[in-house]
Amino acid sequence: MRELTVTSEHRPTVIVLAAGAGTRMKSSTPKVLHDVCGRSLVGHVLHAASAVEPERLVVVVRHQRDLVAAHIADIAPEAIIADQDEIPGTGRAVWCGLQALPDDLEGPVLVTAADTPLLDGDTLVGLMAAHEGNDITVLTTRVPDATGYGRIVRDEAGIISSIVEHRDATPEQLEIDEINSSMYVFDAGLLRTMLNGLGTDNAQGEMYLTDVISNAYKQGIPIGSYLGDPLCVEGVNDRVQLAALRSIMNRRLLEKAMRAGVTVEDPSSTWVEVGVTFEEDTLVRPGSYLTGSTSISTGAAVGPHVYLDSVHVGPGVDVSFAHHSHTSLKNDSSIKDGQS
Ligand code: UD1
Ligand code: MG
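Nothing here was measured: the structure is a model prediction, and the numbers come from that model.

*Asks:* How should the overall build of the protein chain be read in this particular structure?
*Replies:* When its secondary structure is counted, the protein chain shows 8 helices and 23 strands. For 340 residues, the compact-globule estimate of 2.2 N^0.38 gives 20 Å, and the protein chain sits close to it at 22 Å. When its C-alpha atoms are laid out on the principal axes, the protein chain stretches across 75 × 45 × 40 Å. Here the protein chain, with 340 residues, has 48% of them falling under the buried criterion. Accessible area for the protein chain stands at about 15,700 Å²; split by element, carbon and sulfur atoms hold 48% of it. Across the protein chain, the mean location of the 25 positive side-chain charges is 4 Å away from that of the 46 negative side-chain charges.

This is the structure we're talking about:
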């Protein structure tokens, strides 16, 4: 079995595309700053990207750039902020990202969108491993409904020959269920050359990163692919998707907790965030909302109906609606035995 590790000579440059407008969120908060279980959308992507140990990390911004840049400085101070100019499109976004990097940049460049909160490190490590020996590798996935996505078009030999956007696709191409995730690895030098040759001749008048794929194919450059889990690459476009992905992530956090010795009586009414920790043999009753750095010590029980924000619950303590006049505790309070 191939070991999924990234060797230091292949540490990638990661470019995160966060310049898009996110209009369908109907929000004054930039889309990538919306929260899923205690971490922003872009925060989840950066967390996943850390698994490939980026040599350099670039985040491309434009829409509400000051808010996004301030957030990135806060959560990933090592990241380079690159500003996208007025030319729209994912291809231009990557081009602008490269402008913030050395002219003689070498090695793999991993490109990812910023709005996919369930993206995990294993997927990116797998993509990097699949890229060994390739010039370009596309992370693809299969979905039951490919509406809106770029379709992966393959030749008779099964090699990717182009990615066709939904709006530009023929009726036959619309039948394809393999889609582009918007995550790729490119050889740096090749990417630079190919981006310089991009135009805006498509339905949206944008500079499409996906045109790099068809141009490379025409030049006989081998293009690899790596099939990922559809949920990992699902992007948030509106608040319906935001809620759906939050619920999946919450369920995963609870499953991890349950496997580690936490009894969760009603996962469907229990909400936790990524920073919440539990010791073994703890009990979480229905309606518990645990956020921030809340920690639940061994033998403790919480709920029903409590909201604990960054609260330390000591060993054996029972925090419940019935026992407390305050059901909501905030700001680094600590509850020890005898107080409950
Ligand atoms: C893109 C892909 C499509 C893929 C889909 C996956 C292209 C042309 N299409 O389509 O093949 O199936 O993602 O979700 O690449 N962004 C910028 N600057 C821009 C435009 C976009 O930084 O000028 C960023 C967005 O913030 C986002 C990502 O790029 O993080 C994808 O952009 P989006 O507009 O969502 O592209 P799609 O039309 O969904
Ligand atoms: Mg999109």
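*Asks:* Looking at this structure, I do not really get the site of ligand 1. What am I missing?
*Replies:* Taken together, 20 residues surround ligand 1, and among them Leu-17, Gln-84, Thr-90, Glu-165 and Asn-180 come closest. Leu-17 is positioned with one of its backbone polar atoms (N or O) 2.7 Å from an oxygen atom of ligand 1. Within the contact set of ligand 1, a nitrogen atom lies 2.7 Å away from a side-chain nitrogen or oxygen of Gln-84. When ligand 1 sits alone it has 740 Å² of accessible area, and the protein chains cover 83% of it. For the shell around ligand 1, the secondary structure elements donating two or more residues are β1 (13-18), α3 (90-99) and β10 (178-187). In terms of residue class, the shell around ligand 1 is made up of 10 nonpolar, 9 polar and 1 charged.

*Asks:* Hey, could you run me through the pattern of salt bridges in this one?
*Replies:* When the charged atoms of two side chains with opposite charge come close together, those side chains can pair. One pass over the full model with this rule turns up 8 salt bridges. In this structure, Arg-154 engages Glu-178 in a salt bridge whose closest nitrogen and oxygen atoms are separated by 2.9 Å. Taken together, the residues span a long stretch of sequence, with Arg-154 in strand β8 (residues 151-154) and Glu-178 in strand β10 at a distance of 24 residues. Note that Arg-251 and Glu-255 form a salt bridge whose closest N and O atoms lie 3.5 Å from each other. Taken together, the residues Arg-251 and Glu-255, both in helix α8 (residues 239-259) and 4 residues apart, mark about one turn of the helix. In this structure Arg-251 comes out as partly exposed when scored by relative accessible area, which is 41%. Taken together, the salt bridges that share partners define one network made up of Arg-65, Asp-66 and Asp-83.

*Asks:* Which parts of the structure should I look at to understand the sheet that holds strand β18 (residues 301-302)?
*Replies:* Adjacent strands of a sheet pair through backbone hydrogen bonds, lying either parallel or antiparallel. Across the sheet, which stays open at both edges, the 4 strands sit in the order β12-β15-β18-β21 with parallel pairing between neighbours. The open sheet has two edge strands, β12 (262-264) and β21 (318-319), and neither has a second partner.

*Asks:* What is the right way to look at the side chain of Gln-173 in this model?
*Replies:* Topologically, Gln-173 is positioned in helix α5 (residues 171-174). Judged by its relative accessible area of 18%, Gln-173 falls in the buried class. Among the polar contacts listed, one links the side chain of Gln-173 to the backbone nitrogen of Thr-170, at a separation of 3.0 Å. For Gln-173, the contacting residues outside a window of four places in its chain are Arg-151, Val-153, Val-164 and Asp-168.

*Asks:* Would you explain the sheet that holds strand β23 (residues 334-335) in this entry?
*Replies:* Strand order in the open sheet formed by 4 strands is β14-β17-β20-β23, and the pairing between neighbours is parallel. Of all the strands in the sheet, just β14 (277-278) and β23 have a single pairing partner and so form its edges. In this sheet, β23 lies alongside strand β20 (residues 312-313) in parallel orientation, the contact comprising 2 bridges. Bridge pairing in β23 places His-312 opposite Ser-334.

*Asks:* What is the right way to read the environment of Glu-265 from this model?
*Replies:* Structurally, Glu-265 is set in the loop between β12 and β13 (271-272). According to the relative accessible area criterion, Glu-265 is partly exposed, its value standing at 46%. Separated by 21 residues in the primary sequence, Glu-265 and Pro-286 place their C-alpha atoms 6.1 Å from one another.

*Asks:* What's the story with the UniProt feature "domain: MobA-like NTP transferase" (unreviewed entry) in the protein chain in this structure? I'm lost.
*Replies:* Within this numbering scheme, the UniProt entry marks residues 14-142 as carrying the feature "domain: MobA-like NTP transferase" (unreviewed entry). End-to-end, the C-alpha atoms of residues 14-142 are 24 Å apart, and along that stretch the chain is 32% helix and 25% strand.

*Asks:* Where do I start with the pairing of β1 in this structure?
*Replies:* Looking along a regular strand, one sees side chains alternate from face to face of the sheet. Burial within β1 is extensive, with 6 of its 6 residues counted as buried. Residues Thr-13, Ile-15 and Leu-17 of β1 are buried on one face, and the alternating residues Val-14, Val-16 and Ala-18, pointing to the opposite face, are buried as well. In this structure, β1 lies alongside strand β6 (residues 108-113), joined through 5 bridges in parallel fashion. Residue pairing across strands places Val-16 opposite Thr-112, the latter belonging to β6.

*Asks:* Quick question: what am I supposed to make of the packing of aromatic side chains here?
*Replies:* Given two aromatic rings, one states the distance between the centres and the angle between the planes to describe the pair. Evaluated as defined, the whole model comprises 2 aromatic pairs. Ring geometry for Tyr-289 versus Tyr-307: centroids 5.2 Å apart, planes at 55°, classification tilted. Placement of the pair is Tyr-289 in strand β16 (residues 288-291) and Tyr-307 in strand β19 (residues 306-309), with a sequence separation of 18 residues. By relative accessible area, Tyr-289 is classed as partly exposed at 40%. Positioned above the aromatic ring of Trp-95 is the side chain of Arg-92, whose terminal nitrogen or guanidinium carbon lies 4.0 Å from the ring centre.

*Asks:* How should the nonpolar core be read in this particular structure?
*Replies:* In summary, soluble globular proteins display a tendency toward joint burial of nonpolar side chains. Counting 33 residues, the largest nonpolar core has Ile-15, Val-111, Ile-136, Val-138, Phe-186, Leu-209 and Ile-213 as the members making the most contacts within it. Sort the elements by how many residues they give to this core and helix α6 (residues 188-196) lands first, with 5 residues. When sequence neighbours within four positions are dropped, the list of residues in contact with Val-111 reads Ile-15, Leu-17, Val-94, Ser-182, Met-183, Tyr-184, Phe-186 and Leu-209. If you look at the next biggest cluster of nonpolar residues, it comprises 29 residues, including Ala-18, Val-52, Leu-119 and Val-233.

Conventions adopted
- Residues numbered from 1 in each chain as written.
- Chains lettered and ligands numbered in written order.
- Predicted model: local features only at pLDDT ≥ 70, side-chain atom pairs only at ≥ 80, totals over all residues.
- Heavy atoms only, no water.
- Helix = DSSP H or I, 4+ residues; strand = E, 2+ residues; numbered from the N terminus.
- Rg over C-alpha atoms; globule rule 2.2 N^0.38 Å.
- Buried < 20%, exposed > 50% of the residue type's maximum accessible area, 1.4 Å probe, protein only.
- Areas by Shrake-Rupley, 256 points an atom, 1.4 Å probe, with all protein chains shown as cover.
- Lys, Arg positive; Asp, Glu negative; His and termini not counted.
- Charge placed at Lys NZ, Arg CZ, Asp CG, Glu CD.
- Near = heavy atom within 4 Å.
- Polar contact = N/O pair within 3.5 Å; in protein donor to acceptor, adjacent residues only side chain to side chain.
- Nonpolar A, V, L, I, M, F, W, Y, C, P; charged D, E, K, R; others polar.
- Salt bridge = Lys/Arg side-chain N within 4 Å of Asp/Glu carboxyl O.
- Pairing = 2+ DSSP bridges.
- Contact = heavy atoms within 4.5 Å.
- UniProt positions renumbered as here; feature names shortened; annotations may be inferred.
- Phe/Tyr/Trp six-rings, centres within 6.5 Å; stacked < 30°, edge-to-face > 60°.
- Lys NZ or Arg CZ within 6 Å of the ring centre and 35° of its normal.
- Core = buried A, V, L, I, M, F, W, Y, C linked by side-chain atoms within 4.5 Å.

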